[in-house]
Amino acid sequence: MVLYFSATNNSKFVAEYIAEKLNDNLVCMNDIIKNCNNFDFSSNTPFVVVAPIYAWRVPRLVESLLENAKFNGSRDIYFVVTMGGMAGGYCKYLKKITKEKNLNYKGSASVLMPDNYMVS
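This is a predicted model, so every value here is computed, not measured.

A. Up close: the overall build of the protein. A count of helical and extended segments in the protein gives 4 helices and 7 strands. Ordered by position from the N terminus, the helices and strands of the protein form the series β-α-β-α-β-β-α-β-β-α-β. Over its C-alpha trace the protein gives a radius of gyration of 14 Å, about what one expects of a compact globule, namely 14 Å for 120 residues. With the C-alpha coordinates of the protein rotated into their principal frame, the extents come out at 45 × 30 × 30 Å. Per-residue burial for the protein yields a buried fraction of 42% across its 120 residues.

Here it is in structure tokens:
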């Protein structure tokens, strides 16, 4: 199962690509955060979470969803982050969450995307 959060569609683009290549389900976390209090995910394949980096971390909304979610089936989880510059130390936060959720942190990757930060 590929779970993604996207504000500018960069992460959505990456998540759609991954889901297509893996022939796996694609789930938009934006919709879940807006419309649902039930964060219950079930997959026989590893979970793949795709999200942007904001200030060297994944968005707090994504961290909160992961902390409150129930993961059934596979215990393996991967992370793919999109970024405009540097990824920072996001891994340590995700490793902590996955450990608390009794998930197997299998690794992470970063994808450099067009930066949308504009200095005025």
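Still more ground to cover, so stick around.
B. View of the nonpolar core. Among the nonpolar cores identified, the biggest contains 27 residues, and Leu3, Phe41, Leu66 and Phe71 are the most heavily contacted of them. Listed by contribution, the elements that provide at least two residues to this core are helix 2 (29-35), strand 4 (47-52), helix 3 (60-68), strand 6 (76-83) and helix 4 (90-100). Sorting elements by how many residues they give to this core places strand 6 first, with 4 residues. Excluding residues that lie within four positions of it along the chain, Phe71 makes contacts with Leu3, Phe41, Phe47, Leu66, Lys101 and Leu103. Counting residues in hydrophobic clusters, the runner-up holds 11 residues, among them Tyr4, Val14, Cys28 and Met113.

C. Region of interest: the sheet that holds strand 2 (residues 26-28). Taken in spatial order, the 5 strands of this open sheet run 2-1-4-6-7, and their pairing is parallel. Edge positions in the sheet fall to strand 2 and strand 7 (104-112), since each of these pairs with one other strand and no more. Averaged over all pairs of adjacent strands, the angle between their axes in this sheet comes to 20°, without regard to strand direction. When strand 4 meets strand 6, the two strands line up parallel, connected through 6 bridges. Looking at strand 6, one finds that Pro52 is bridged to Thr82.

Here is what the cut-offs are and how they apply
- Residues numbered from 1 in each chain as written.
- Predicted model: local features only at pLDDT ≥ 70, side-chain atom pairs only at ≥ 80, totals over all residues.
- Heavy atoms only, no water.
- Helix = DSSP H or I, 4+ residues; strand = E, 2+ residues; numbered from the N terminus.
- Rg over C-alpha atoms; globule rule 2.2 N^0.38 Å.
- Buried < 20%, exposed > 50% of the residue type's maximum accessible area, 1.4 Å probe, protein only.
- Core = buried A, V, L, I, M, F, W, Y, C linked by side-chain atoms within 4.5 Å.
- Contact = heavy atoms within 4.5 Å.
- Pairing = 2+ DSSP bridges.
- Axes fitted to C-alpha atoms, helices over the stretch in contact; angles between N-to-C directions.

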